[in-house]
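# Structure at a glance
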Amino acid sequence: MIQACIFDLDGVIVDTAVYHYLAWKRLANELGFDFTEAQNERLKGISRMRSLELILEWGGIRKTAAEQEVLATRKNEWYVEMISHMTPQEILPGAKAFLEAARNAGLKTALGSASKNSSAILERTKLLPLFDAIVDGNTVTASKPDPEVFLKGAAALGIAPADCVVFEDAIAGITAARAAGMKAVGIGQQETLTGADMVVPGLQFMSIEKLNKLAANS
Ligand code: B16
Ligand code: MG
C-alpha cells in the first residue's frame, strides 16, 4: 500500500534550471569559454561538484580540487542571489495541489533532492510546511543514481521503501528510486524516462486515483 510520496525538487516542484544555467554560464565565460543551454540540460539532477567537473572538461580546463571548491562557491553565490528573489508563482503547475491532495489522503511527503539549497527554495516558494521530511544534498553523501537520498527520505518518514512512490524528472533519479525498491513516477517524456512505472508531463496530470491504480498494478 502506498503510504508516502517522495519528491525531487528541481524539475518536479520548481524549475531553477535557468538560474543554474545563468550562474554556470557566467563562470564559464569568466574562465574564457562558453556554456550552452544544451550542456545545461545534461546537468539536471547532477550534484554541484560533478557539474563543475563536467563543465571544466567541456571547456578543456584543468583545476586543482582547491580551485574547484572556490569556483563552485562563486557559482553558488550567484545562484543563491537569484533564487533569493523566487516567489510562489514559480511553483510548477499542479505541484502544490498534488502535495496538498497527497497529505489530505493521509500520505506522508518528503523531499529527495541533490540540491544544497532546497530549504531556501522551499521557504521562498512557501512550500516548506507541505513536507514531513527534507533530505537533500546537505544530508546525502552519494549522488543519484545511488538510492541513498530516497532511502533516507523513507527512513525519516518511518515508512518502508516498498510503500513509497518517488516523483522524478531525471533518469538518474528514476534509477535511484528503483534501486531503493520504490515505485517511480517520471515527470517529463516517456521516451526519456524509461524505467519509470508511469510517466506524466507534469504534476498537474497526477492524481490520488492514478497513484492508487499504480499501487493496484504492482
Ligand atoms: P545545488 P534536484 C539538482 O536538484 C539540480 O537538478 C542540479 O542541476 C543541481 O546541480 C543540483 O541539484 C545541486 O544543486 O548547487 O543547489 O546544491 O533535481 O536533485 O532537486
Ligand atoms: Mg530534478
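Residues numbered from 1 in each chain as written. Chains lettered and ligands numbered in written order. Predicted model: local features only at pLDDT ≥ 70, side-chain atom pairs only at ≥ 80, totals over all residues. Heavy atoms only, no water.

## Re the site of ligand 1
As a reminder, the rule being used: By convention in these notes, a residue is near a molecule or strand provided one of its non-hydrogen atoms lies within 4 Å of it. Whenever two N or O atoms come within 3.5 Å, that pair is a polar contact, provided that in protein one can donate a hydrogen and the other can accept it, and provided that, for residues adjacent in sequence, both atoms are side-chain atoms. Note that accessible areas follow from Shrake-Rupley with a 1.4 Å probe, and for residues the cover is restricted to the protein chains shown.
Every one of the 18 residues lining ligand 1 counts as a neighbour, but Ile46, Ala114, Ser115, Lys116 and Asn117 are closest to it. One of the backbone N or O atoms of aspartate 10 is found 2.9 Å from an oxygen atom in ligand 1. One of the backbone N or O atoms of alanine 114 is found 2.8 Å from an oxygen atom in ligand 1. Relative to its unbound accessible area of 470 Å², ligand 1 is 97% covered by the protein chains.

## Comments concerning the packing of aromatic side chains
Where we set the bar: Pairing of aromatic rings covers Phe, Tyr and the six-membered ring of Trp, with a centre-to-centre limit of 6.5 Å; geometry is then stacked below 30 degrees between planes, edge-to-face above 60, and tilted otherwise. Comment: elements are numbered from the N terminus, with helices defined as DSSP H or I runs of at least four residues and strands as E runs of at least two. Three exposure classes are used, based on accessible area relative to the maximum for each residue type with a 1.4 Å probe and protein chains only: buried under 20%, partly exposed in between, and exposed over 50%.
Applying the stated rule across the entire model yields 5 aromatic pairs. Relative to phenylalanine 98, the ring of phenylalanine 7 lies with its centre 6.2 Å away and its plane at 70 degrees, an arrangement referred to as edge-to-face. Taken together, the residues phenylalanine 7 in strand 1 (residues 4–7) and phenylalanine 98 in helix 5 (residues 95–104) connect sequence positions 91 residues apart. Overall, phenylalanine 98 belongs to the buried group, its relative accessible area being 3%.

## A look at the coordination of the magnesium ion (ligand 2)
Let me state the cut-off plainly: Water is not among the atoms examined, so metal sites may look incomplete; donors are the N, O and S atoms within 2.8 Å of the metal, or within 3.2 Å for Na, K and Ca.
Within the first shell, the magnesium ion (ligand 2) binds the protein through Asp8 (OD), Asp10 (O) and Asp169 (OD), at distances of 2.0 to 2.2 Å. We note that the donor set of the magnesium ion (ligand 2) lies within a single chain, spaced as D-x1-D-x158-D. Of this pair, aspartate 10 sits in the loop between strand 1 and helix 1 (17–31) while aspartate 169 sits in the loop between strand 4 (164–168) and helix 8 (171–179), and the two are 159 residues apart along the sequence.

## Digging into the side chain of aspartate 169
The test is simple: Positive charges come from Lys and Arg alone, negative charges from Asp and Glu alone, with His and the N- and C-terminal ends not counted. Think of a salt bridge as a Lys or Arg side-chain nitrogen and an Asp or Glu carboxyl oxygen that are within 4 Å of each other. In this description, contact between two residues means that some pair of their heavy atoms is separated by no more than 4.5 Å.
The side chain of aspartate 169 is buried and forms no salt bridge, while lysine 44, the nearest opposite charge, is found at 5.2 Å. Sequence-distant contacts of aspartate 169, that is, excluding residues within four places in its chain, are made with Asp8, Asp10, Gly11, Val12, Lys44, Ile187 and Leu193.

## Let's talk about the packing of helix 1 against helix 4 (residues 65–83)
Stated precisely, the cut-off is as follows: Angles run from 0 to 180 degrees between N-to-C directions of axes, and those axes are lines fitted to C-alpha atoms, restricted for helices to the stretch in contact. For this classification, under 35 degrees means roughly parallel, over 145 means roughly antiparallel, 65 to 115 means roughly perpendicular, and everything else is oblique. By definition, turning the near helix anticlockwise from the far helix through less than a right angle yields a left-handed crossing, and turning it clockwise yields a right-handed one.
Across the interface, helix 1 lies against helix 4 with an axial gap of 9 Å and an inter-helix angle of 140 degrees. As summarised for this structure, helix 1 and helix 4 are arranged oblique, according to the angle between their axes. Our pair here, helix 1 against helix 4, has a crossing hand that is right-handed. The segment helix 1 lies against helix 4, with Tyr19, His20, Leu22, Ala23, Trp24, Arg26, Leu27, Glu30 and Leu31 engaging Leu71, Arg74, Lys75, Trp78, Tyr79, Met82 and Ile83.

## Some details on the packing of helix 3 (residues 48–59) against helix 4
Short version of the rule: Charged means Asp, Glu, Lys or Arg here, nonpolar means Ala, Val, Leu, Ile, Met, Phe, Trp, Tyr, Cys or Pro, and polar covers whatever is left, Gly included.
Packing of helix 3 against helix 4 leaves a shortest axis separation of 10 Å and a crossing angle of 110 degrees. For the element pair helix 3 / helix 4, the angle class is roughly perpendicular. Across the interface between the two elements, Arg48, Met49, Leu52, Glu53 and Leu56 of helix 3 pack against Gln68, Glu69, Leu71, Ala72 and Asn76 of helix 4. Here the residues of the contact of helix 3 with helix 4 sort into 5 nonpolar, 2 polar and 3 charged.

## Some remarks on the environment of alanine 4
The topology assignment puts alanine 4 in strand 1. Residues alanine 4 and alanine 110, 106 residues apart in the sequence, show an inter-C-alpha distance of 7.7 Å. For alanine 4, the residues in contact, after removing those within four places along its chain, are Leu107, Lys108, Leu157, Ile159, Asp163, Cys164 and Val165.

## Things to note about the side chain of threonine 16
In this fold, threonine 16 is placed in the loop between strand 1 and helix 1. Residue classification places threonine 16 among the buried positions, given a relative accessible area of 1%. In terms of polar contacts, threonine 16 uses its side chain to reach the side chain of tyrosine 79, at 2.9 Å. What threonine 16 contacts, discounting residues up to four positions off in sequence, is Asp10, Tyr79, Ile83, Met86 and Ile121.

## Details of the pattern of salt bridges
Counted under the stated rule, the structure contains 9 salt bridges. One salt bridge connects lysine 152 with glutamate 148, and the closest N-O pair in it is separated by 2.7 Å. Of this pair, lysine 152 and glutamate 148 both sit in helix 7 (residues 148–157), 4 residues apart, which is roughly one turn of that helix. By relative accessible area, which is 13% here, glutamate 148 ends up buried. A salt bridge links arginine 178 to aspartate 197, with the shortest nitrogen-to-oxygen separation between them at 3.7 Å. With arginine 178 in helix 8 and aspartate 197 in the loop between strand 5 (183–187) and strand 6 (198–200), the pair connects residues that are 19 residues apart, well separated along the chain. Assessed through its relative accessible area of 42%, arginine 178 is described here as partly exposed. For aspartate 197, a relative accessible area of 36% gives the class partly exposed. Sharing partners across several salt bridges, the network here consists of Asp8, Lys144 and Glu168.

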